[in-house]
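Overview (structure and organization)
Spelled out, the chains give:
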Amino acid sequence: MTDEFFDDGSMLVSPDATDADLAAETSVRPKRLEEFIAQHRVREQLQVLLQGAVRRGSPPDHILLSGPPGLGKTTLAMIVAAELGTGLRMTSGPAIERSGDLAAILTGLGPGDVLFIDEIHRIAKPAEELLYSAMEDFRVDVIVGKGPGATAIPLDVEPFTLVGATTRAGLLTGPMRDRFGFVAHLDFYEPDALRHILHRSARILGVDVSDDGAVEIAGRSRGTPRIANRLLRRVRDYAEVRGDGRVTLDAAQAALKVYDVDELGLDRLDRAVLRALVTSFGGGPVGLSTLAVAVGEQPDTVEEVCEPFLVRAGLLARTPRGRMATPAAWRHLGLQPPDSAFGAAQSRIDLPDIFGTDP
Ligand SMILES: Nc1ncnc2c1ncn2[C@@H]1O[C@H](COP(=O)(O)OP(=O)(O)OP(=O)(O)O)[C@@H](O)[C@H]1O
């Protein structure tokens, strides 16, 4: 691993939560719907759903939240329980290995409780089937014994609301998806929404942040609140050690230079991938494993850590013939894209498959 990785293997601009994030996020996590910034459509729909349920005095439909990591799915699950005034039980798909694990959780729920299952697409098949009857009929059949002597003991479950979160909605089975009455997708945040989130977090953390400082950090946060809050903590450290403690434009720029996060939010590995594509392979197309060798990384790291953002930022294209740098990538590295590079290669490929194939 290259040195932009921290000790725990995470990266400064990775959307995945580190232990440090989880500890720091507790204080800045919005507690109620009105504190949840942006995502207006989802917020309004949830408000109607939850107010209707409170008025009727019965749990709302089950809720599925999809979207990339760090955009607020866990936060929204906590908010749902807070708005309903109910208990919250949290678990995750990979933690539920046997259906018995899930049966124990379900039968332990209080009336109206919210059960949050993160990464619900990773739940084991037998547990998933148990979940169907719990979601639909508030009942589970627990199998006791093995073989011909096995018997199913039906157990009642208190009416509850399942909030499922997934980063891969496409991996959910049809029967599972159909059992959610409310499905919402969280989108990446605009820089201005991140600016608001940064001001709010700074207020809670007691950090003095100027508006241009917040704008600068927001622009480098890859549309992700978790990254914005993490960069704020790093810039605050820098400002306290090297400056007067204020998070200003200058402090943000100087700190993020030290941490190697550029104006678009790319870190050193992202730029290494683009530079290898452009300088060693003339802009591509080049296969993933060749590209990974060129930057001294594992193909998985390049594919899962760097590429999602590079593709979204319009800097890299995944084509059936390999990875390609877009003209914007050349320009981001301060280079002039050759006239023919991207257009010519693109005209030779099947455009509808451009993001779908992984040669
Ligand atoms: N709309 C928002 N307004 C304010 N802060 C937000 C918002 N969305 C997310 N955050 C902040 O970002 C952090 C990360 O959000 P959260 O843990 O809910 O993401 P997630 O989508 O559940 O991620 P993962 O999929 O990795 O579990 C939260 O602690 C919270 O402080």
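Note that the structure is a prediction, hence the values are computed from the model and not measured.

What follows concerns the nonpolar core. Grouped together as the largest cluster of nonpolar side chains are 49 residues, with contacts concentrated most on L198, V235 and V273. When residues of this core are sorted by domain, at least three fall in each of domain 2 (191-258) and domain 3 (268-353). What V273 contacts, discounting residues up to four positions off in sequence, is L291, V295, V302, C306 and L310. Counting residues in hydrophobic clusters, the runner-up holds 32 residues, among them A77, I79, I123 and V157.

This brings us to the UniProt feature "binding site: DNA" (unreviewed entry) in the protein chain. Mapped onto this numbering, the UniProt entry gives "binding site: DNA" (unreviewed entry) at R318 and R323. Assignment of secondary structure puts R318 in strand 8 (residues 316-319). Position of R323 relative to the elements: it lies in strand 9 (residues 322-325). Those residues within four positions of R323 in sequence are excluded, and the remaining contacts are L277, G284, P285, V286, L288, L291, L316 and R318.

Turning our eyes to something else, we now look at the UniProt feature "binding site: ATP" (unreviewed entry) in the protein chain. With numbering matched to this structure, UniProt assigns "binding site: ATP" (unreviewed entry) to R29, G70, K73, T74, T75, E136, D137, F138, R179, Y189 and R226. An extended arrangement is adopted by the annotated residues: their sequence extent is 198 residues, and the largest C-alpha distance between any two is 37.1 Å. Tracing the backbone through its elements, the reader meets F138 in the loop between helix 5 (125-137) and strand 4 (139-144). Ignoring any residue separated from it by four or fewer positions in sequence, one finds F138 in contact with D156, V157 and P159. If you trace the backbone, R179 turns up in the loop between helix 6 (174-178) and strand 7 (182-185). Overall, the presence of 18 C-beta atoms within 10 Å leaves R179 in the partly exposed class.

It is the contact of helix 2 (residues 40-56) with helix 3 (residues 73-84), at a shortest axis distance of 10 Å, that shows an interaxial angle of 30°. Comparing their axes, helix 3 and helix 2 come out roughly parallel. Crossing angle aside, the handedness with which helix 2 passes helix 3 is right-handed. Across the interface between the two elements, L50, A53 and V54 from helix 2 touch V80, E83 and L84 from helix 3. A breakdown of the residues in the contact of helix 2 with helix 3 according to their chemical character gives 5 nonpolar, no polar and 1 charged.

So, on to the site of the ligand. Lining the immediate surroundings of the ligand are 24 residues, of which E25, P69, G72, T74 and T75 lie closest. Residue assignment for the shell around the ligand shows that the elements contributing at least two residues are helix 1 (19-28), helix 3 and helix 9 (225-242). By residue class, the composition of the shell around the ligand is 11 nonpolar, 7 polar and 6 charged. Among the domains, domain 1 (39-185) and domain 2 (191-258) are the pair contributing at least three residues each to the shell around the ligand.

L291, A292 and V295 are the residues of helix 12 (residues 288-295) that are buried. Projection of helix 12 onto a plane perpendicular to its axis shows the buried side chains occupying an angular sector of 100°, all on one side. Residues of helix 12 that are buried sit in contact with helix 11 (268-280), helix 13 (299-312) and strand 9. Note on helix 12: the residue one or two positions beyond its end, G296, has a positive phi of about 70°.

At their nearest, the axes of helix 11 and helix 13 sit 10 Å apart, and the two run at 80° to each other. By the criterion of interaxial angle, the relationship of helix 11 to helix 13 is roughly perpendicular. On the side of helix 11, the interface is formed by L269, D270, V273 and L274, while helix 13 contributes V302, C306, F309 and L310. Counted by class, the contact of helix 11 with helix 13 contains 7 nonpolar, no polar and 1 charged residues.

Quick look at the pairing of strand 6 (residues 161-166) now. Counting buried residues in strand 6 gives 6 out of 6 residues, a clear majority hidden from the surface. A two-sided burial pattern is seen for strand 6, the buried positions comprising T161, V163 and A165 on one face and L162, G164 and T166 on the other. Across 4 bridges, the pairing between strand 1 (residues 63-66) and strand 6 is parallel. Each residue of the ladder has a partner; that of I63, found in strand 6, is V163. Here 4 bridges tie strand 3 (residues 114-118) to strand 6, and the two strands are oriented parallel to one another. Looking across to strand 6, one finds that I117 is bridged to G164.

On to the pairing of strand 4, then. As paired strands, strand 4 and strand 5 (residues 151-156) are joined by 6 bridges and run antiparallel to one another. Its bridge partner being in strand 5, R139 is matched across the sheet by D156. Hairpin connection from strand 4 to strand 5: 6 residues lie between these consecutive antiparallel strands, with G145 at a positive phi of about 90°.

To continue, consider the sheet that holds strand 1. Taken in spatial order, the 5 strands line up as 2-3-6-1-7 in an open sheet, and their pairing is parallel. The sheet is open, and its two borders are formed by strand 2 (88-92) and strand 7, each paired with just one other strand. Going from strand to strand, the sheet's axes swing by 15° on average, the running direction of each strand aside. One ladder, built from 5 bridges, connects strand 2 with strand 3; its direction is parallel. Paired with M90 across the two strands is F116, which belongs to strand 3.

Conventions we followed
- Residues numbered from 1 in each chain as written.
- Predicted model: local features only at pLDDT ≥ 70, side-chain atom pairs only at ≥ 80, totals over all residues.
- Core = buried A, V, L, I, M, F, W, Y, C linked by C-beta atoms within 7 Å.
- Buried ≥ 20, exposed ≤ 12 C-beta atoms within 10 Å, placed from the backbone.
- Domains from an automatic or database assignment.
- Contact = placed C-beta atoms within 7 Å.
- UniProt positions renumbered as here; feature names shortened; annotations may be inferred.
- Helix = DSSP H or I, 4+ residues; strand = E, 2+ residues; numbered from the N terminus.
- Axes fitted to C-alpha atoms, helices over the stretch in contact; angles between N-to-C directions.
- Parallel < 35°, antiparallel > 145°, perpendicular 65-115°, else oblique.
- Left-handed = near helix turned anticlockwise from the far one by under 90°.
- Nonpolar A, V, L, I, M, F, W, Y, C, P; charged D, E, K, R; others polar.
- Near = placed C-beta within 6 Å.
- Arc of directions from axis to C-beta.
- Pairing = 2+ DSSP bridges.

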